[in-house]
Amino acid sequence: LAGPGAAALRALIIGSGSCAVVAAGDTVGEAGVISTLETAWNTRFGLYKGGPININTATPDFTGYGYATSPPGGNYPDYVNRLAAREPYQGPTGGGVSKSTQAQHAAFGSQRRIAVGAVVDCGVWSGPGDPQIIDFSCILLLAPIPDGGSAASWTNPPPSGVSSTPDVEYLGLASLPGSPCASSGLSGGSYGPKVPTLVQ
């Protein structure tokens, strides 16, 4: 991780992941609002704005299907079905953003929308300090974010499965056995379920 700020966050979102970036008990937070990460976030849904960030440099998930709301029971069961079918993002896009096809999700896709997220006490931000990480959760990234200053073309006709914020769905603690984040378990790691490891 090359320092704080939007560039470092963009690299994490676009990249294939990074081990032990933070641990429980670490303090996290950064002053200001970072509003330039839409392009990186949307790559996980197979949406690309051109330039150096493309399907070859930022792998999409197996499905780009987006969810603007969370119904009772959540979206995860439907996501699993969409993933198996390699369904692309279902709505229109704007601002020069192109979307991957079903064939591209099948050829280039990997597990990109199930992630590990830090659990913090957001109330701490009302004071002068930053919160500590309490634990790690398993989350599903729900929807792409309108990118490029043409939000109207993203939302007509509905439902387009977009959100104005980077919304996620809580799938439980990442450390629980059977968690969808099981692949995040590391030998001696600070998050993810415990995994058996052969050592010498």
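Remember, predicted model here, so these are calculated numbers, not experimental data.

**Some thoughts on the overall build of the protein chain**
Broken down by element type, the protein chain carries 5 helices and 5 strands. Order of helices (α) and strands (β) in the protein chain, N terminus to C terminus: α-α-β-α-β-α-β-β-α-β. In the protein chain, which comprises 200 residues, the proportion classed as buried is 34%. For the protein chain, contacts bridging at least 24 residues in sequence account for 67% of all contacts bridging at least 6. Taken as a whole, the protein chain presents about 10,500 Å² of accessible surface, with 59% of it coming from carbon and sulfur.

**Thoughts on the packing of aromatic side chains**
Scanning the model with the defined rule gives 3 aromatic pairs in all. Here the guanidinium or amino end of R82 rests over the ring plane of Y65, the centre of that ring lying 3.7 Å away.

**Quick word on the pattern of salt bridges**
With the rule as written, the count across this model stands at 2 salt bridges. With its nearest N and O atoms 2.9 Å apart, the salt bridge here joins D78 to R82. With D78 and R82 both in helix 3 (residues 76–85) and 4 residues apart, this pair spans about one turn of that helix. One network of salt bridges, with partners in common, ties together D78, R82 and E87.

**Things to note about the side chain of T63**
Along the chain, T63 falls in the loop between strand 1 (47–48) and helix 3. A distance of 3.1 Å separates the side chain of T63 from the backbone nitrogen of Y65, its partner in a polar contact. T63 has contacts with R44, Y79, R82, L83, E87, H105 and R113, leaving out every residue within four places of it along the chain.

Reading the values: rules and limits
Residues numbered from 1 in each chain as written. Predicted model: local features only at pLDDT ≥ 70, side-chain atom pairs only at ≥ 80, totals over all residues. Heavy atoms only, no water. Helix = DSSP H or I, 4+ residues; strand = E, 2+ residues; numbered from the N terminus. Buried < 20%, exposed > 50% of the residue type's maximum accessible area, 1.4 Å probe, protein only. Contact = heavy atoms within 4.5 Å. Areas by Shrake-Rupley, 256 points an atom, 1.4 Å probe, with all protein chains shown as cover. Phe/Tyr/Trp six-rings, centres within 6.5 Å; stacked < 30°, edge-to-face > 60°. Lys NZ or Arg CZ within 6 Å of the ring centre and 35° of its normal. Salt bridge = Lys/Arg side-chain N within 4 Å of Asp/Glu carboxyl O. Polar contact = N/O pair within 3.5 Å; in protein donor to acceptor, adjacent residues only side chain to side chain.

So far we have only geometry, and geometry alone does not tell us how the molecule works.
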